Amino acid sequence: MGSKNKVRKEILMGNQALGRGLVENGVAVMTAYPGTPSSEILPSVVQYGAEMQSQPYCEWSVNEKVAVEVALSAAYTGQRSAVAMKMVGLNVALDPVMSSAYIGVIGGMILISADDPGPHSSQTEQDSRLLAHFAKLPVLDPDSPAMARDLVGPAFALSERFQIPVMIRPTLRVCHGRQNLNLRTPKELERVPGFPRDPFRWAAIPKMRLALHHALNAKLAKIQDYLSKSKSLNQWHAPLRPRAPLGILASGVSAALARDLLAEMGLPVGEGKVPFLQTAAPYPLPIGPVSELIAGCRNVLVLEETEPVLELLAPNRDKLWGRGSGHVPSAGELTPEVLGGVLERALGEAKLKAARPKGKVLSVPDQPPMRRPNLCPGCSHRAVFYSLRRALPTGVYPSDIGCYTLGMNQGAVDTCHDMGAAVTFASALSRGLNQADKDTPVVATIGDSTFFHSGITGLVNAVYNGHRFVLVILDNETTSMTGMQPTPESGLTADGHPGNAVDIKKLVEGCGVRWITELDPYQMGDLQKTLKKAWRWCKGPEGSVAVIIARHACAAQRPRDAVASPCKVEVKGQAAPVKTSFRPQDNPCADCGRCVAVCPAGALTRTGKGKIKVDEAKCTGCRLCAEVCPTGTMVLEPAGACVACGLCSTWFACPALAKDAEGYISIDRGWCVDCGLCAEVCAHGAIAPLEESK
Amino acid sequence: MSRLEWQAVVAGVGGQGVLFVSRALSTAVEPKAGSILISEVHGMAQRGGAVVSHLKAGPFSGPLVSPGQADLLLALDPGEAVRNLSYLVEGGWLVVNAPDLDFLSPKARKALASFGARVLTVPAVQLAGQAGARKGANVVLLGAAAAGGALPVSMAELEAAICDGQPRARAEANRKLLALGAEAAAQV
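Residues numbered from 1 in each chain as written. Chains lettered and ligands numbered in written order. Predicted model: local features only at pLDDT ≥ 70, side-chain atom pairs only at ≥ 80, totals over all residues. Heavy atoms only, no water.

Identification of chain B as Pyruvate/ketoisovalerate oxidoreductase catalytic domain-containing protein from Desulfoferula mesophila is taken from an unreviewed UniProt entry.

Have a look at this one:
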């Protein structure tokens, strides 16, 4: 035992701390679907679980609904289980979550839903605590990595005592905060899983559900009483004083930041000028201490992220200063900048003088422009988006959640809604846009992990209902944006053991798709031809959904594999721009409109049948029109050098293509990975390999 | 002995090693501060976007630094230095990966000087490149910060935080990069 009990102190990320807490408290089954800011929780359970004799079973489930159902049924057998996701994943899982409070559990179950106030990498700022309230599940709200770890034990205890799943809701600053903490010994619970058959509970019919709802309400009243009495979950950082002009009720990271800010303003909570209650249990609200605070103060400032949960559940709401009264902004993260202003205003209105003004803040003129996130250099998705715009420039491009959302930088992403919506949006967009015999190519893009998550159901729906669009599955064999978690296709499980690989092509075939091509998007010529062919088939008499599986290793995960034919590229010297001319006298115009559609500068307009107007002021001489012109009506002199047309920097958008003030391109060797793709992109041949590839 | 109270902001662009720097700093100052809080950014912003990490060492409870409170702004990118200058406390340190302060407008330079900021400019990318490890610019900058007196820990303590427990080749490479930074700081 000796060495096992030695205190180990480590600086842990909040997600690692949660994983550590789960292992320290004997979790036996852990499931998750990756999503920032939650992705590191499950790998931490794998890592720390190795210290246990009976290592917990861990799985990356294909989506959050599946993950919740696996963890829930594991808890039916008396084991401790946990499931982790980001808050938009909770929406995917909401169906089983809603029932879980009614039916309950036997072994403790923790549902971790990580929120992203800000939102730093999410579609919404939604507050999972509201969904916990909606689903009638108790929720705990940690303010730091240490508190997140420390809440796991009480959460399991609460869950088992009342036989109900308990949610822990960390926010981004907890998940991706780091803090030093003492590691405790992992607990081995000697529980033999068993399933007590009880169909009236586990398979409850509607009539039973009504009875269960009554029972749940009674249970929640008991939980509220239990939480009210908990000293550890309700901390008085400064005690109640008689006739206090202002009190603070806070939860989560806002509580932690407010304590620091008050100290910076010369009113440290330790001196007790402002009664300060922090509750870690927003629902069911610990009514005892909260009522006491509100009754004892003239006004109470409520600090929480992102929605008013404490504020709406608290009694005597006319005394509260928060989102309802306009004291706290109702969108965005409560950063120190924002929270500082909120506190200053509240202290001022309560006639409480901050002992000294906050320190001086340097105001800096001439802020640099915002930096846009970008696809990695060498990323094969970039080749897909570029090819898409080349091959089907008049198209509409629904896309999805993941790295490929960054195809927006290349003008090749028109919609991004929720996991799987690329496929379903493409269904209705193609139907709507092409109802009146119009020819608008609809090309959807989706990644492999997202396809497994919820693209498949949309595809089945599209095939069944005869929708016509091209679906490109961007298959880089991993879940890149969230940190390279394996997908079912890789056949690797969460702990690195081999599972069974699931073949995307066979899956697509099984969905009933009749037109499928697999290719390497680095072959941009082939890809462009295939895209055109696929769309022609879609709109043909027998057409339906066409699927292209574009497969190339992730440039961030396996950089060497990602680069197919390494070659150094260079940009040839600058030439005077060459202007376009339209010469129907030499070759008659086919009136196909391709030149107008591809022109990146918007310099071309149709002015009648077989007539194109070239706006010389806008034309950059990029040659794209001449390249796509089938009859040779568009004419451009060869340039052979960079003319600053901007095609590569906008349509291809590689961060290694540096642009000077006049728009001329050079290669930034700090970013370039020598993938050689941009040499294919330049319409002038100005970007060219320095030497033949090996 | 009174505990250390120290706040830092580390800023840069995805791929430059901002997170490595903040973890190295926290490992180095943790024994003196007793308690450490860091806030970092993951996910989308890592792909070439701005990355900033806040570090608070000492008896703090919140993970984010307030404007006007950072004892150190360590910037791996000049543009990101500008974006985060407002976090500096009066008389605080700016350590930046740039040959000089020309990336600031004359107005901004004047404001910075009147704020009493202590400044260390280091051409870290060039120096790391000369050592054959372009990606090691972050460690060069750390070396300069330690040698220039911008950190509450010594070069030896920083070196231990970065190199201890590392494979020998990597530890050696990092020692060399730290020394390059120290040399650059001595010349400023």
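Caption draft 1: Here's a closer look at the sheet that holds strand 13 (residues 320–321) of chain A. All names here are of chain A. The five strands are arranged 9-11-10-12-13 in an open sheet whose pairing can be described as mixed. One side of each edge strand has no neighbouring strand; the edge strands of this open sheet are strand 9 (234–238) and strand 13. Pairing geometry for strand 10 (residues 244–250) and strand 11 (residues 276–279), over three bridges, is parallel. By the bridge assignment for strand 11, Leu 249 is matched with Leu 277. (Pairing = 2+ DSSP bridges. Helix = DSSP H or I, 4+ residues; strand = E, 2+ residues; numbered from the N terminus.)

Caption draft 2: Expanded view of the packing of helix 4 (residues 87–103) of chain A against helix 9 (residues 206–229) of chain A. Residues and elements named next belong to chain A. It is the contact of helix 4 with helix 9, at a shortest axis distance of 8 Å, that shows an interaxial angle of 75°. When the axis of helix 4 is compared with that of helix 9, the two are roughly perpendicular. Facing Ser 99, Ala 101, Tyr 102 and Ile 103 of helix 4, the residues of helix 9 in contact are Arg 209, Leu 212, His 213 and Leu 216. Class assignment of the residues belonging to the contact of helix 4 with helix 9 gives a composition of five nonpolar, two polar and one charged. (Axes fitted to C-alpha atoms, helices over the stretch in contact; angles between N-to-C directions. Parallel < 35°, antiparallel > 145°, perpendicular 65-115°, else oblique. Contact = heavy atoms within 4.5 Å. Nonpolar A, V, L, I, M, F, W, Y, C, P; charged D, E, K, R; others polar.)

Caption draft 3: Local environment of the side chain of A:Asp143. Residue and element names in this part refer to chain A. By the secondary structure assignment, Asp 143 is in the loop between strand 6 (139–140) and helix 6 (145–162). By relative accessible area, Asp 143 is classed as buried at 8%. In terms of polar contacts, Asp 143 uses its side chain to reach the side chain of Arg 259, at 3.1 Å. A polar side-chain atom of Asp 143 sits 3.0 Å from a polar atom in the side chain of Gln 278. If sequence neighbours within four positions are ignored, Asp 143 has contacts with Val 174, Gly 252, Val 253, Ala 256, Arg 259 and Gln 278. (Buried < 20%, exposed > 50% of the residue type's maximum accessible area, 1.4 Å probe, protein only. Polar contact = N/O pair within 3.5 Å; in protein donor to acceptor, adjacent residues only side chain to side chain.)

Caption draft 4: Spotlight on the packing of helix 5 (residues 137–148) of chain B against helix 6 (residues 155–163) of chain B. Residue and element names in this part refer to chain B. Packing of helix 5 against helix 6 leaves a shortest axis separation of 9 Å and a crossing angle of 155°. One way to sum up the angle between helix 5 and helix 6 is to call them roughly antiparallel. In this structure, helix 5 uses Val 139, Leu 142, Gly 143, Ala 146 and Ala 147 to contact helix 6, whose residues at the interface are Met 155, Leu 158 and Ile 162. Per-class residue counts for the contact of helix 5 with helix 6 are seven nonpolar, one polar and no charged.

Caption draft 5: Broad picture of the packing of aromatic side chains. All names here are of chain A. Following the criterion strictly, the structure yields seven aromatic pairs over all chains and no others. Pairing Tyr 386 with Trp 651 gives two aromatic rings, centres 6.3 Å apart and planes at 70°, and the pair type is edge-to-face. Taken as a pair, Tyr 386 in helix 14 (residues 380–391) and Trp 651 in helix 22 (residues 647–652) lie far apart in primary sequence, 265 residues in all. The exposure classification of Tyr 386 matches that of Trp 651, with both residues buried. Each ring, one from Trp 515 and one from Trp 537, has its centre 6.5 Å from the other, and the planes form 35°; the classification is tilted. Of the two residues, Trp 515 is situated in strand 16 (residues 515–519) and Trp 537 in helix 18 (residues 524–539); the sequence distance between them amounts to 22 residues. Assessed through its relative accessible area of 13%, Trp 515 is described here as buried. Members of the aromatic cluster, joined through ring pairs, are Tyr 76, Phe 195 and Trp 202. The lysine or arginine in question, Arg 20, covers the ring of Tyr 48, its NZ or CZ lying 5.0 Å from the ring centre. Across the ring face of Phe 652, the terminal group of Arg 382 is positioned such that the distance to the ring centre comes to 5.6 Å. (Phe/Tyr/Trp six-rings, centres within 6.5 Å; stacked < 30°, edge-to-face > 60°. Lys NZ or Arg CZ within 6 Å of the ring centre and 35° of its normal.)

Caption draft 6: Geometry of the sheet that holds strand 1 (residues 8–13) of chain A. Spatial ordering of the open sheet is given by 1(A)-8(A)-2(B)-3(B)-1(B)-4(B)-5(B)-6(B), a layout of eight strands whose pairing is mixed. Edge positions in the sheet fall to strand 1 of chain A together with strand 6 (118–122) of chain B, since each of these pairs with one other strand and no more. The sheet shows a mean angle of 20° between the axes of neighbouring strands, taken without regard to direction. When strand 1 (residues 6–13) of chain B meets strand 3 (residues 50–57) of chain B, the two strands line up antiparallel, connected through eight bridges. For B:Val13, the partnering residue across the bridge sits in strand 3 of chain B and is B:Ala50. Contacting strand 4 (70–75), strand 5 (88–97) and strand 6 of chain B, helix 5 of chain B crosses the sheet at an angle of about 145° to strand 6 of chain B.

Caption draft 7: Spatial organisation of the interface of chain A and chain B. The interface is formed by 49 residues belonging to chain A together with 48 residues belonging to chain B. In this assembly, chain A packs against chain B so that about 4200 Å² is buried in total across both faces, 57% of it on carbon and sulfur atoms. The largest per-residue losses of area from chain A upon contact with chain B belong to A:Arg178, A:Leu362 and A:Arg371, which jointly make up 18% of the total buried on that side. Counting every contact that joins chain A to chain B gives six salt bridges. Put simply, B:Asp77 and A:Arg371 hold a salt bridge, and the shortest N to O gap is 2.9 Å. Viewed at the interface, chain B and chain A are joined by 18 residue pairs in polar contact (both at pLDDT 80 or more). Of all the secondary structure elements, the ones that give two or more residues to the side of chain A that touches chain B are strand 1, strand 8 (177–183), helix 10 (252–264) and helix 13 (336–349) of chain A. Of the residues that constitute the side of chain A that touches chain B, the class distribution is 23 nonpolar, 13 polar and 13 charged. Across three bridges, the pairing between strand 8 of chain A and strand 2 (residues 36–39) of chain B is antiparallel. In the sheet register, A:Gln179 faces strand 2 of chain B, and the bridge partner there is B:Leu37. (Buried area = accessible area lost by both parts, 1.4 Å probe. Salt bridge = Lys/Arg side-chain N within 4 Å of Asp/Glu carboxyl O.)

Caption draft 8: Structural detail: unusual backbone geometry. Residues and elements named next belong to chain A. Omega for the peptide link from Thr 36 to Pro 37 comes to 10°, which places this bond in the cis form. Tracing the backbone shows Pro 37 in the loop between strand 2 (29–32) and helix 2 (41–49). Between Tyr 283 and the following residue, Pro 284, the backbone shows a cis peptide bond with an omega angle of -10°. As for its placement among the helices and strands, Pro 284 is situated in the loop between strand 11 and helix 11 (287–296). Here Glu 477, not a glycine, exhibits a phi torsion of approximately 65°, which is positive. Positionally, Glu 477 belongs in the loop between strand 15 (470–475) and helix 17 (504–510). Phi angles above zero are rare outside glycine, and Ala 653 is one such case at about 55°. Along the chain, the position of Ala 653 falls in the loop between helix 22 and strand 23 (657–659).

Caption draft 9: Region of the structure containing the pattern of salt bridges. Inspection of the entire model under this criterion finds 43 salt bridges over all chains. A:Arg129 is paired through a salt bridge with A:Asp141; the nearest N and O atoms lie 3.5 Å apart. Note that A:Arg129 is positioned in helix 5 (residues 128–135) and A:Asp141 in the loop between strand 6 and helix 6, a separation of twelve residues in sequence. Residue class for A:Asp141 comes out buried when judged on its relative accessible area of 1%. The closest approach of N and O atoms between B:Lys32 and B:Glu157, which form a salt bridge, is 3.4 Å. Of the two residues, B:Lys32 sits in helix 1 (residues 18–33) while B:Glu157 sits in helix 6, which places them 125 residues apart along the sequence.

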